[in-house]
Amino acid sequence: MTAVHKITSLDDTWHPGDIVLDAAGNLRVRSEHPRWVWDYPNEGGTRDALGRLAVPEGGLEEHDVRRPLTLLVRDGQAVAGRVIEEPEHPAT
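Criteria and thresholds
Residues numbered from 1 in each chain as written. Predicted model: local features only at pLDDT ≥ 70, side-chain atom pairs only at ≥ 80, totals over all residues. Heavy atoms only, no water. Salt bridge = Lys/Arg side-chain N within 4 Å of Asp/Glu carboxyl O. Helix = DSSP H or I, 4+ residues; strand = E, 2+ residues; numbered from the N terminus. Buried < 20%, exposed > 50% of the residue type's maximum accessible area, 1.4 Å probe, protein only. Polar contact = N/O pair within 3.5 Å; in protein donor to acceptor, adjacent residues only side chain to side chain. Contact = heavy atoms within 4.5 Å.

### Description of the pattern of salt bridges
Then step 1. Taken as a whole and judged by the stated rule, the model has five salt bridges.
Then step 2. Here Glu-61 ties to Arg-35 by a salt bridge, and the two come within 2.9 Å at their closest N and O atoms. Within this pair, whereas Glu-61 is found in the loop between strand 3 (38–39) and strand 4 (69–74), its partner Arg-35 is found in the loop between strand 2 (27–30) and strand 3, the two being separated by 26 residues in sequence.
Then step 3. For Glu-61, a relative accessible area of 11% puts it in the buried group.

Here's what the structure looks like:
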């Protein structure tokens, strides 16, 4: 078990649709794109018109989002804001 799992009690660190607050005070949303893994928040909610999770297409690479990150929303539900400790990722 890693420190991330101990802190969050969640399976994977980031899920598509997760909304986080970065160290610079910006809101970011996790995407499903393999390279552009983060995106800017959309203008609407966390769900689409049919009630499915709204996942953005991606617009930012991993290194564009300043750490640490505070998880705010997962699966469309508020999670009380927890700072997440991540393992170091090599620069891409």
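### Here's the deal with the side chain of Ser-31
Then step 1. Here Ser-31 lies in the loop between strand 2 and strand 3.
Then step 2. By relative accessible area, Ser-31 is classed as buried at 4%.
Then step 3. A distance of 3.3 Å separates a polar atom in the side chain of Ser-31 from the backbone nitrogen of His-33.
Then step 4. Only 2.5 Å separates the side chain of Ser-31 from the backbone oxygen of Trp-36, close enough to count as a polar contact.
Then step 5. For Ser-31, the residues in contact, after removing those within four places along its chain, are Pro-16, Trp-36, Val-37, Trp-38, Val-55, Pro-56, Glu-57 and Gly-58.

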